[in-house]
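Each chain, written out:
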Amino acid sequence: MTTNLVVRNVEEDVVFALKQRAASHGRRAEAEHREILRSVLQRPKRCTVAEALSCMPNVGKDADFNFRNI
């Protein structure tokens, strides 16, 4: 399902930047706007540091990572 979205009162410098970015990607400003919204709002959920650390394998000894021993 698609629908229309109207954005009003956008600063001129923002519109200009959008048009420049669209041109650099070979798109119209409207298509670039859609892509920006899609990329920001539909990106995968980021994990927390704790989640990332919990995925790391438990290998080696603490001394293996001590840079002062070198």
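Residues numbered from 1 in each chain as written. Predicted model: local features only at pLDDT ≥ 70, side-chain atom pairs only at ≥ 80, totals over all residues. Heavy atoms only, no water.

Caption draft 1: The arrangement of the pattern of salt bridges in detail. With the rule as written, the count across this model stands at five salt bridges. Note that R21 is salt-bridged to E32, the shortest N-O span being 2.7 Å. With R21 in helix α1 (residues 12-24) and E32 in helix α2 (residues 29-41), this residue pair connects regions lying eleven residues apart in the sequence. On the accessibility criterion, E32 (0% relative accessible area) is buried. Its salt-bridge partner being E30, residue R28 comes within 3.9 Å of it at the nearest N-O pair. Among the residues examined, R28 registers a relative accessible area of 56% and is labelled exposed. For E30, a relative accessible area of 48% corresponds to the partly exposed category. (Salt bridge = Lys/Arg side-chain N within 4 Å of Asp/Glu carboxyl O. Helix = DSSP H or I, 4+ residues; strand = E, 2+ residues; numbered from the N terminus. Buried < 20%, exposed > 50% of the residue type's maximum accessible area, 1.4 Å probe, protein only.)

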